[in-house]
Amino acid sequence: VLSTSPLGPNFPFTGIDDRENWPTVFYNRTCQCQGNFMGFNCGDCKFGFTSTNCTVRRRLIRKEIFRMTTAEKDKFIAYLNLAKRTISSDYVIATGTYEQMNNGSNPLFADINVYDLFVWLHYYSSRDAFIEGGQVWADIDFAHEAPAFAPWHRYFLLRWEYEIQ
């Protein structure tokens, strides 16, 4: 059950940003995948499952980076570098505001590599909020100063691990 308590003095504006009520606003607009599937199109296996029908359990173990061998560290760095050179097959980013896109009739989007996509996602969650009249709400960070801090970062890291695997 979500709290209906007032947000407090650090949130002087309400109803101006979709990040304000995350995760509620997100969950209320999202379809639910069936079985062991997940993803924006329900085409990926949930974390911990694999195979064509996502029915085979897959145990993933995170190894402490200080306990990795030199070869394991090199492999990890190689995958990070590969993510910097691999264009995301599923996502693009907006390069303009809705207003700059002429209310959506002039789409402004760009391809993005997998590494920078996650940089952008983290930036987006913590960036300033734009308020009517060209004002900026600069003293807000929905990713780090809100109730969703732990679950958002947990999901963010799971998605990042999934991508580099």
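Residues numbered from 1 in each chain as written. Predicted model: local features only at pLDDT ≥ 70, side-chain atom pairs only at ≥ 80, totals over all residues. Heavy atoms only, no water.

- The name recorded for the protein chain in an unreviewed UniProt entry is Tyrosinase, from Hyla sarda.
- On record in UniProt, under Sequence similarities (unreviewed entry), the comment for the protein chain is "Belongs to the tyrosinase family."
- For the protein chain, the Subcellular location (unreviewed entry) comment in UniProt is given as "Melanosome membrane". (UniProt positions renumbered as here; feature names shortened; annotations may be inferred.)

**A look at the packing of helix α3 (residues 114-126) against helix α4 (residues 149-164)**
Right, on to step 1. Running from amino to carboxyl end, α3 crosses α4 at an angle of 170°, the nearest separation of the two axes being 11 Å. Overall, the two elements α3 and α4 adopt an arrangement that is roughly antiparallel. In contact with Val-114, Tyr-115, Phe-118, Leu-121, His-122 and Ser-125 of α3, α4 contributes Trp-152, His-153, Phe-156, Arg-159, Trp-160 and Glu-163.
Right, on to step 2. Residue classes in the contact of α3 with α4 are distributed as 7 nonpolar, 3 polar and 2 charged. (Axes fitted to C-alpha atoms, helices over the stretch in contact; angles between N-to-C directions. Helix = DSSP H or I, 4+ residues; strand = E, 2+ residues; numbered from the N terminus. Parallel < 35°, antiparallel > 145°, perpendicular 65-115°, else oblique. Contact = heavy atoms within 4.5 Å. Nonpolar A, V, L, I, M, F, W, Y, C, P; charged D, E, K, R; others polar.)

**Points about the side chain of Ser-88**
Right, on to step 1. As for its position among the elements, Ser-88 is in strand β5 (residues 87-94).
Right, on to step 2. Within the structure, Ser-88 has its side chain in polar contact with the backbone nitrogen of Asp-90 (distance 3.3 Å).
Right, on to step 3. Not counting residues up to four positions away in its chain, the partners in contact with Ser-88 are Ile-112, Asn-113, Val-114 and Leu-117. (Polar contact = N/O pair within 3.5 Å; in protein donor to acceptor, adjacent residues only side chain to side chain.)

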